[in-house]
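Next come the chains, spelled out residue by residue.
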Amino acid sequence: MTGKALLEVIRLSTTFRNGNGGLHVLDGLDFSVAEYQFVALLGPSGSGKSTLLRTLAGLLPPSRGRVVFKGQRVDGPPRGVGYVFQNANLMPWRTVEENITLPLELAGAANGAAAAKSREMVELVGLQGFEEALPRDLSGGMAQRVAIARALAHDPDLLLMDEPFGALDAITRERMGLELLRIWEARRKTVLMVTHDIAEALMLADRALVFSERPARVSMELTVDLPRPRLDELRYTPEFAALSRRLRDAIR
Amino acid sequence: MHGVSCPGLLRGSFVSRMAMNKDLMTNFPLSARRGRALAPGAFALALGVFLWYALIWLGGVQPFILPAPHQVWGRFLRALADGSLAGHSWVTLQEVLAGLALGAAAAMLFGYALAKSTVLEKFLAPYVVASQAVPTVAIAPLLVIWFGPGLASKVLVCALIVFFPILINTVVGVRSVPEDLRDLMRSLHASRAQTFRLLELPAALPVLLGGFRIGATLAVIGAVVGEFVGADRGLGYLLSVARGQYDVALVFVAVFTLIAMALSLYGLVALAERATLGWQRQAEQSRMTFNPTEKN
Ligand SMILES: Nc1ncnc2c1ncn2[C@@H]1O[C@H](COP(=O)(O)OP(=O)(O)OP(=O)(O)O)[C@@H](O)[C@H]1O
Ligand SMILES: [Mg+2]
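Residues numbered from 1 in each chain as written. Chains lettered and ligands numbered in written order. Predicted model: local features only at pLDDT ≥ 70, side-chain atom pairs only at ≥ 80, totals over all residues. Heavy atoms only, no water.

Trainee: Could you give an account of the overall build of chain B, naming the residues involved and the relevant values?
Mentor: Across its full length, chain B holds 13 helices and zero strands. For chain B, the residues scored as buried account for 45% of the 296 residues in total. When the accessible surface of chain B is split by element, carbon and sulfur atoms take 72% of a total near 15200 Å². (Helix = DSSP H or I, 4+ residues; strand = E, 2+ residues; numbered from the N terminus. Buried < 20%, exposed > 50% of the residue type's maximum accessible area, 1.4 Å probe, protein only. Areas by Shrake-Rupley, 256 points an atom, 1.4 Å probe, with all protein chains shown as cover.)

As structure tokens, then:
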């Protein structure tokens with residue numbers, strides 16, 4: 001299971017400046033993520049999960065420590081990272097297709113190549129027939145799928161996902177999780193996904209990291225050695241229940 | 001979140017006042033373009049003309065105080081036939097368009113810089129607000145003294161008068177760009193130009209065009225004020241000459257022409273909104289265009 005590390009987080013600390021001495025959010029985090037691994041990140045609200053993701057994406061410089069991605073220190077957004085935000089974060093004036101191809105347009109890809117990629121992505125996330133729709137005409141789940149397609153469009157090696165299904169109802173959420181799994185298996189990506197949902201983490205991830213209360217440290221690390229493909233029945237097995245209990249205890 | 005806040009002065013007074021303005025002005029001219037909405041409009045117009053006549057006949061108002069609609073119409077046709085109306089209108093229109101272009105360009109450049117730099121904003125905000133407290137009517141004579149009675153001084157009055165609302169709307173528009181979309185652009189290595197063209201401009205456009213709506217009508221006022229102070233051409237000049245000669249019918253002709261000009265400009269901006277803001281929320285869009293049947 002341990003391949004070479006794609007992402008290393010080394011003694012990473014982040015303190016936000018505020019009036020009284022600063023808000024210490026991340027406290028000396030140390031972990032690494034192997035290539036093609038699917039890692040779930042859990043933790044209490046406000047513990048710094050989004051802050052970590054923003055740091056990994058090079059959007060926020062850390063106060064101390066460093067992030068190394070593909071052997072290179074991150075200072076500024078590195079290439080090869082796809083970011084799925086806590087909300088879908090689409091551009092409301094662009095159609096589904098135009099939203100998906102934004103990364104290609106920014107990279108100066110030819111129109112033909114972008115169109116082909118867009119078709120492929122639309123198919124991947126199952127949005128055929130909605131290419132010309134505007135975000136206002138999409139359901140929450142569809143918008144989130146567009147966001148995922150957009151994050152995958154420039155074929156990143158690392159996918160950072162910040163509660164991508166947070167706004168969805170339980171059923172849609174499960175379905176989206178399965179779709180994500182399918183995409184992950186088809187594309188061989190490395191994924192770091194923030195979630196509040198223990199079952200979701202166990203269904204999807206190879207490994208789960210649990211953050212403590214702020215200032216966040218990794219309070220528990222769990223290898224999810226459940227067999228794949230993980231089918232729905234897995235939820236009702238004793239192994240699943242045991243892991244789920246361990247995670248719940250760690251979060252509490 | 002960096003600099004989401006405008007200083008109180010920039011925000012409270014003007015923006016809210018303009019937002020109200022915008023609401024009041026939103027539906028009117030566009031609804032008139034719709035067949036369905038045309039009938040009540042025509043009725044209101046007919047009623048107005050009727051009341052006008054009623055006032056003259058029942059009140060016994062003299063024509064040199066208030067000419068009858070047909071007299072105004074006749075004066076209109078004469079002014080049209082001798083070419084004077086078209087000539088004066090053209091002069092005023094040039095002043096308005098040039099002033100609007102100049103004022104808007106300056107306001108957008110300045111507003112963009114202000115929106116992007118908190119330091120610059122803190123430094124310049126007092127001047128911007130103070131400049132708005134100077135009544136344009138009062139400095140129009142100065143501009144005429146400095147720049148002569150020709151086109152230039154009127155263009156400057158127009159530019160000054162449209163500057164502030166468009167500036168404010170530019171600042172508010174650029175500030176309204178969601179921080180997450182900025183992060184998205186940053187994570188995708190968008191250049192400054194790409195961020196401007198693909199994010200800031202479309203995101204700020206609704207608010208910006210709102211500023212243009214107000215600016216378009218204000219520019220007409222600016223031109224007339226400039227012409228009142230000192231000019232030998234233009235509708236404002238025609239108006240003051242007609243008043244001097246007690247040609248009240250001609251005064252009405254000039255006033256109606258100005259109204260028509262302001263409404264046309266306003267309508268053009270509304271058309272631009274229709275063409276570019278189809279992506280906005282359905283509810284908002286139908287309110288704006290008065291056309292709930294047509295999607296996209
Ligand atoms: N740019 C910032 N400036 C100052 N404080 C910030 C900033 N971003 C986040 N914080 C603070 O850092 C803490 C962690 O925020 P973060 O968004 O990372 O939490 P989270 O774990 O993602 O929470 P949630 O599960 O609710 O999304 C919060 O207390 C938040 O207020
Ligand atoms: Mg978060």
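Trainee: Let's hear about the overall build of chain A: which residues, and what values?
Mentor: Check the secondary structure of chain A and you find eight helices and ten strands. In chain A, which comprises 252 residues, the share counted as buried stands at 55%. A fraction of 69% describes how many contacts in chain A between residues 6 or more apart in sequence connect residues 24 or more apart. About 11200 Å² of surface is accessible on chain A, with carbon and sulfur atoms providing 49% of the total. Charge-centre separation for chain A: the mean point of 32 positive side chains lies 6 Å from the mean point of 31 negative side chains. (Contact = heavy atoms within 4.5 Å. Lys, Arg positive; Asp, Glu negative; His and termini not counted. Charge placed at Lys NZ, Arg CZ, Asp CG, Glu CD.)

Trainee: A description of the sheet that holds strand β2 (residues 23–34) of chain A should follow, citing residues and the corresponding values.
Mentor: Residues and elements named next belong to chain A. Taken together, four strands build an open sheet; the order of strands is β2-β1-β4-β5 and the sheet is antiparallel. Of all strands in the sheet, those with a lone pairing partner are β2 and β5 (72–73), marking the two edges. Pairing between strand β1 (residues 5–16) and β2: eight bridges, direction antiparallel. Each bridged residue has a counterpart across the sheet, and for Leu7 the counterpart in β2 is Val33. Strands β1, β2 and β4 (64–69) of the sheet are contacted by helix α1 (residues 49–56), whose axis makes an angle of about 120° with β1. (Pairing = 2+ DSSP bridges. Axes fitted to C-alpha atoms, helices over the stretch in contact; angles between N-to-C directions.)

Trainee: Hey, could you go over the coordination of the magnesium ion (ligand 2) for me, with residue numbers and the actual values?
Mentor: Each donor-metal-donor angle in an ideal tetrahedron of four donors is 109.5 degrees, and each such angle in an ideal octahedron of six donors is either 90 or 180 degrees. All names here are of chain A. Donor atoms from the polypeptide that coordinate the magnesium ion (ligand 2) comprise Ser50 (OG) and Gln86 (OE1), at 1.9 to 2.6 Å from the metal. You can see Ser50 sitting in helix α1 and its partner Gln86 sitting in the loop between β6 (81–84) and α2 (96–100), a full 36 residues away along the chain. Residue Gln86 is classed as partly exposed on the basis of its relative accessible area, which comes to 41%. (Donors = N, O, S within 2.8 Å, 3.2 Å for Na, K, Ca; no water.)

Trainee: I'd like to hear about the packing of helix α9 (residues 179–187) of chain B against helix α10 (residues 192–229) of chain B, residue by residue, with values.
Mentor: Residue and element names in this part refer to chain B. At a minimum axis distance of 11 Å, the contact between α9 and α10 shows a crossing angle of 150°. One finds that α9 runs roughly antiparallel with respect to α10. Pair α9 / α10 crosses with right-handed handedness. In this structure, α9 contributes Leu181, Arg182 and Met185 to the contact, and α10 contributes Gln194, Thr195, Leu198, Leu199 and Glu200. Considering only residue class, the contact of α9 with α10 consists of four nonpolar, two polar and two charged. (Parallel < 35°, antiparallel > 145°, perpendicular 65-115°, else oblique. Left-handed = near helix turned anticlockwise from the far one by under 90°. Nonpolar A, V, L, I, M, F, W, Y, C, P; charged D, E, K, R; others polar.)

Trainee: Give me empty space enclosed by the protein: which residues, what numbers.
Mentor: Tallied over the entire structure, the rule returns two cavities of 30 Å³ or more. What the largest cavity holds in volume is close to 50 Å³. Taken together, Val81, Gly82, Tyr83, Pro103, Arg150, Ala151 and His154 of chain A together with Leu184, Ser187 and Leu188 of chain B form the lining of the largest cavity. At the level of elements, β6 and α5 (140–153) of chain A together with α9 of chain B are the ones that each hand at least two residues to the lining of the largest cavity. Take the lining of the largest cavity: its biggest share by element is three residues, from β6 of chain A. For the lining of the largest cavity, a count of residues per class yields six nonpolar, three polar and one charged. Looking at the second largest cavity, its volume works out to about 40 Å³. Lining the second largest cavity, in full, are Val125, Arg145, Ile148, Met176, Glu179, Leu180 and Ile183 of chain A. Those elements that provide at least two residues to the lining of the second largest cavity are α5 and α6 (170–187) of chain A. If one sorts the elements of the lining of the second largest cavity by residue count, α6 of chain A sits on top with four residues. Considering only residue class, the lining of the second largest cavity consists of five nonpolar, no polar and two charged. (1 Å grid on protein atoms, 1.4 Å probe; cavity = no way out; pocket = protein on both sides within 12 Å on 5 of 7 lines; lining within 4 Å. Points joined across faces, edges and corners; volume = space filled by probe spheres on them.)

Trainee: Just give me the short version of the interface of chain A and chain B, but keep the residues and values in it.
Mentor: Facing 22 residues of chain A, the contacting portion of chain B comprises 23 residues. Here chain A and chain B share an interface that buries about 2200 Å² over both sides, 60% of which is from carbon and sulfur atoms. Three residues, Trp93, Leu106 and Arg136 of chain A, lead the burial of chain A against chain B; their summed loss comes to 37% of the area buried on that side. For the pair chain A and chain B, the interface holds one salt bridge. Where chain A meets chain B, there are ten residue pairs in polar contact (both at pLDDT 80 or more). Along the lines of polarity and charge, the residues of the side of chain A that touches chain B split into twelve nonpolar, four polar and six charged. (Buried area = accessible area lost by both parts, 1.4 Å probe. Salt bridge = Lys/Arg side-chain N within 4 Å of Asp/Glu carboxyl O. Polar contact = N/O pair within 3.5 Å; in protein donor to acceptor, adjacent residues only side chain to side chain.)

Trainee: Can you explain unusual backbone geometry? Please cite residues and give values.
Mentor: Note: most peptide bonds trans; most residues except glycine with negative phi. Residues and elements named next belong to chain A. For the peptide bond that leads from Arg214 to Pro215, omega is -5°, which places it in the cis range. Among the secondary structure elements, Pro215 is positioned in the loop between β9 (207–211) and β10 (218–223). Following Arg228, the chain continues to Pro229 via a peptide bond in cis, the omega torsion being -5°. Checked against the element boundaries, Pro229 lands in the loop between β10 and α8 (238–251). Its identity as a non-glycine residue notwithstanding, Tyr36 has a phi of 65°, on the positive side. Mapped onto the elements of the fold, Tyr36 is located in the loop between β2 and β3 (38–42). Judged by its relative accessible area of 37%, Tyr36 falls in the partly exposed class. You will see that Asn89, though not glycine, has its phi angle at about 60°, which is positive.

Trainee: An account of a nonpolar patch on the surface is requested, with residue identities and associated values reported.
Mentor: A surface patch of nonpolar side chains, about 450 Å² in accessible area, is lined by Phe43, Leu47, Phe50 and Leu51 of chain B. Tracing the backbone through its elements, the reader meets Phe50 of chain B in helix α3 (residues 35–59). (Patch = residues over 30% accessible without salt bridge, like charges linked within 9 Å, V, L, I, M, F, W, Y side chains within 5 Å.)

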